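# Close look at the chain arrangement
Spelled out from the first residue to the last, the chains are:
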Amino acid sequence: MTSEPIIGPPKWVVLALTAALALIHGAQWLQPPRVANWWFEALAVVPGRLWDTGLGLAGGEIVRATSLLTHMFVHADATHLLMNAMALISFAPEVALRLGVVRFLAFFVVTGICGAALYIALNADSFAPRIGAAGAISGLLGALLRIPGRGVRMPLQDAIRSKHVLTSIAMFLVIDAVIVNSGAMGQGGIAWEAHLGGFIAGFLLFYLLDKSVVSHRPNR
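Quick summary incoming for the structure in this document. Please read all numbers here as calculations on a predicted model, not as lab measurements.

Looking only at helices and strands, one finds nine helices and two strands in the protein. Listing the helices and strands of the protein from first to last along the sequence gives α-α-α-α-α-α-β-α-α-α-β. Residue burial in the protein is summarised as follows: out of 220 residues, 40% are buried. The contacts of the protein with a sequence gap of at least 6 include a subset with a gap of at least 24, amounting to 79%.

Moving on: the packing of helix α5 (residues 101–122) against helix α6 (residues 134–144). Closest axis-to-axis distance for the α5/α6 pair is 7 Å, and the angle between their directions is 115°. The two elements α5 and α6 cross, and the hand of that crossing is right-handed. Residues Phe104, Phe107, Phe108, Thr111 and Gly112 of α5 touch α6, and the partners they reach there are Gly135, Ala136, Ile137, Gly139, Leu140 and Ala143. Along the lines of polarity and charge, the residues of the contact of α5 with α6 split into seven nonpolar, four polar and no charged.

Given two aromatic rings, their pairing is described by the distance between the two centres and the angle made by the two planes. Using the criterion set out here, one finds three aromatic pairs in the structure. Ring geometry for tryptophan 38 and tryptophan 39: centres 5.1 Å apart, planes at 85°, overall edge-to-face. Exposure remark for tryptophan 39: the relative accessible area of 41% places this residue in the partly exposed category. Note that arginine 146 overlies the ring of phenylalanine 203, its terminal NZ or CZ placed 5.2 Å from the centroid.

Further remarks concern the packing of helix α1 (residues 11–29) against α5. A pair of packed helices is captured by two measures, namely the crossing angle of their axes and the spacing between those axes. Their axes nearest at 9 Å, the elements α1 and α5 cross at an angle of 40°. The orientation of α1 with respect to α5, classified from their angle, is oblique. The crossing of α1 and α5 is right-handed. Seen from α1, the contacting residues are Trp12, Val13, Val14 and Leu17; seen from α5, they are Val101, Phe104, Leu105 and Phe108. Of the residues assigned to the contact of α1 with α5, the class counts are eight nonpolar, no polar and no charged.

If you walk through the whole model with that rule in mind, you get two salt bridges. We note a salt bridge from aspartate 210 to arginine 98, for which the minimum N-O separation is 2.8 Å. Residue aspartate 210 is found in the loop between α9 (192–209) and β2 (214–215), and its partner arginine 98 is found in helix α4 (residues 78–99); the two are separated by 112 residues along the sequence. In this structure aspartate 210 comes out as buried when scored by relative accessible area, which is 0%. With a shortest N-O distance of 3.3 Å, aspartate 158 and arginine 161 are connected by a salt bridge. Aspartate 158 sits in the buried class, given a relative accessible area of 6%.

Looking now at the environment of asparagine 123. Tracing the sequence through the fold places asparagine 123 in the loop between α5 and α6. Along the backbone, asparagine 123 and alanine 191 are 68 residues apart, and their C-alpha atoms lie at a distance of 10.0 Å. Beyond its immediate sequence surroundings of up to four residues, asparagine 123 is in contact with Pro47 and Glu193.

Below, the discussion takes up the environment of phenylalanine 127. With respect to the helices and strands, the residue phenylalanine 127 is situated in the loop between α5 and α6. Distance in space between the C-alpha atoms of phenylalanine 127 and arginine 49 is 7.1 Å, their sequence separation being 78 residues.

On to the nonpolar core. Grouped together as the largest cluster of nonpolar side chains are 23 residues, with contacts concentrated most on Leu88, Val95, Phe104, Phe107, Phe108, Leu140 and Phe206. Counting residues per element, the ones that place at least two in this core are α1, α4, α5 and α6. Here this core takes seven residues from α4, the largest share from any one element. Not counting the four nearest positions on each side in its chain, leucine 88 is found in contact with Val14, Leu17, Thr18, Leu21, Pro93, Phe108, Ile137 and Leu140. Core analysis: the second largest hydrophobic core is formed by seven residues, Met154, Val165, Phe172 and Phe199 among them.

Attention now goes to the side chain of serine 67. Tracing the sequence through the fold places serine 67 in helix α3 (residues 63–70). The contacts of serine 67, once residues within four sequence positions are left out, are Ala42, Leu43, Ala44, Val45 and Arg49.

Cut-offs applied
- Residues numbered from 1 in each chain as written.
- Predicted model: local features only at pLDDT ≥ 70, side-chain atom pairs only at ≥ 80, totals over all residues.
- Heavy atoms only, no water.
- Helix = DSSP H or I, 4+ residues; strand = E, 2+ residues; numbered from the N terminus.
- Buried < 20%, exposed > 50% of the residue type's maximum accessible area, 1.4 Å probe, protein only.
- Contact = heavy atoms within 4.5 Å.
- Axes fitted to C-alpha atoms, helices over the stretch in contact; angles between N-to-C directions.
- Left-handed = near helix turned anticlockwise from the far one by under 90°.
- Nonpolar A, V, L, I, M, F, W, Y, C, P; charged D, E, K, R; others polar.
- Phe/Tyr/Trp six-rings, centres within 6.5 Å; stacked < 30°, edge-to-face > 60°.
- Lys NZ or Arg CZ within 6 Å of the ring centre and 35° of its normal.
- Parallel < 35°, antiparallel > 145°, perpendicular 65-115°, else oblique.
- Salt bridge = Lys/Arg side-chain N within 4 Å of Asp/Glu carboxyl O.
- Core = buried A, V, L, I, M, F, W, Y, C linked by side-chain atoms within 4.5 Å.

What follows is the structure in structure tokens.
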């Protein structure tokens, strides 16, 4: 019987992704304030920028599309980064092991974009920039609810009837509501819409990408 390596493919991708978030934050922190603010504005999701072309915001026209991706890799401060890094290390390994490197990264990006999309849809007229990987990380949490055990995956019809899954979803909503209303992120607040959008996307999409295992059918 062989033991599973502590760090190996695809587990390394989680550490690499966490390191990338830290390096990007560090690189931005080292810049002069004017330059750092320019990059912050260019990389963040700003809903109003998608419709109004005359704002003159940093990055020009191209960031209207690229910000849906780049916002995930920018954080407001060290606390914001640390919270997301801890959540990523907690939630990502099992999902990465199930999906493999390429599908895991695709899953992370897609759920993050879905989180941004819901935020934009519910705040279309807002010009407040939003950043952070929390939408994608919420997607990982949603994916974990579709994994009842190693080697199996839970179909949607079973998931929505599972007391454990429904309780976990309720806990996610309550905890997210508490965090959002606690003022934990200061005046900028927390984009709960991005959390919810990423969570829903992860909960629904994981089953489609997890092709290497059999479906879980509970005995009735």
